[in-house]
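Residue-level listing of the chains:
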Amino acid sequence: MIQLATFLFISGGEIFFILLIVVMVFGAKNVPEIARGLGKGMRQLKDATNDIKTEITKSAERNGLDTSITDGVNEELKKVKDDLEEFTGSVRRKL
């Protein structure tokens, strides 16, 4: 479990190596264009996800469904996130 958690953290040298490979494969002229396209795609995905969440919430409220359960789920997710941050803080690489 600890090995899996430490695998997710990438150091500066590893990022540099990945960027070097990207430049070698795609060329220096195409890298900003690729990054721009990825950024736009991520933004569209985030906007679509927010629209879907909003629509589901509105539909549930219109049909009289209890949406207070999401508050409890959000609280539990926040607790898990805090616990994970506390755990990974001790495992994270020191730069």
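Cut-offs and rules
- Residues numbered from 1 in each chain as written.
- Predicted model: local features only at pLDDT ≥ 70, side-chain atom pairs only at ≥ 80, totals over all residues.
- Heavy atoms only, no water.
- Helix = DSSP H or I, 4+ residues; strand = E, 2+ residues; numbered from the N terminus.
- Buried < 20%, exposed > 50% of the residue type's maximum accessible area, 1.4 Å probe, protein only.
- Areas by Shrake-Rupley, 256 points an atom, 1.4 Å probe, with all protein chains shown as cover.
- pLDDT = per-residue confidence, 0-100.
- Contact = heavy atoms within 4.5 Å.
- Salt bridge = Lys/Arg side-chain N within 4 Å of Asp/Glu carboxyl O.
- Expected span 1.5 Å × (residues − 1).

## Focus on the overall build of the protein chain
Here comes step 1: The helix and strand inventory of the protein chain stands at 4 helices and 0 strands.
Here comes step 2: Beginning at the N terminus, the succession of helices and strands in the protein chain can be written as α-α-α-α.
Here comes step 3: Looking at the protein chain residue by residue over its 95 residues, the buried ones come to 5%.
Here comes step 4: Looking at the protein chain as shown, the accessible area adds up to about 8,700 Å², and 64% of this sits on carbon and sulfur atoms.

## Section: the confidence of the model for the protein chain
Here comes step 1: Per-residue confidence for the protein chain averages 79 on the pLDDT scale, and 82% of its residues sit at or above 70.
Here comes step 2: The low-confidence segment residues 1-6, where pLDDT is below 50, has 4 contacts with residues more than four positions distant or belonging to other chains.

## Observations regarding the pattern of salt bridges
Here comes step 1: Tallying each qualifying case throughout the model produces 4 salt bridges.
Here comes step 2: In this structure, R62 and E55 form a salt bridge, with 3.4 Å as the shortest nitrogen-oxygen distance.
Here comes step 3: Of the residues examined, R62 reaches a relative accessible area of 61% and is grouped as exposed.
Here comes step 4: Here K78 and D82 are joined by a salt bridge, their closest N and O atoms 3.4 Å apart. Here D82 and K78 lie together in helix 4 (residues 69-91), a separation of 4 residues that amounts to about one turn.
Here comes step 5: The class for K78 is exposed, based on a relative accessible area of 52%.
Here comes step 6: For D82, a relative accessible area of 39% corresponds to the partly exposed category.

## Regarding helix 2 (residues 12-26)
Here comes step 1: Over its 15 residues, helix 2 extends 21 Å from the first C-alpha to the last, a length consistent with the 21 Å expected when each residue adds 1.5 Å.
Here comes step 2: At the exit of helix 2 stands G27, carrying a positive phi of roughly 90°.

## Let's talk about helix 3 (residues 31-62)
Here comes step 1: End to end, helix 3 covers 47 Å across 32 residues, agreeing with the expected 46 Å (1.5 Å per residue, within 8%).
Here comes step 2: Looking one or two places after helix 3, you find G64, whose phi comes out positive at around 75°.

## So, the environment of E14
Here comes step 1: Residue placement: E14 occurs in helix 2.
Here comes step 2: Take E14: its relative accessible area is 33%, and that puts it in the partly exposed class.

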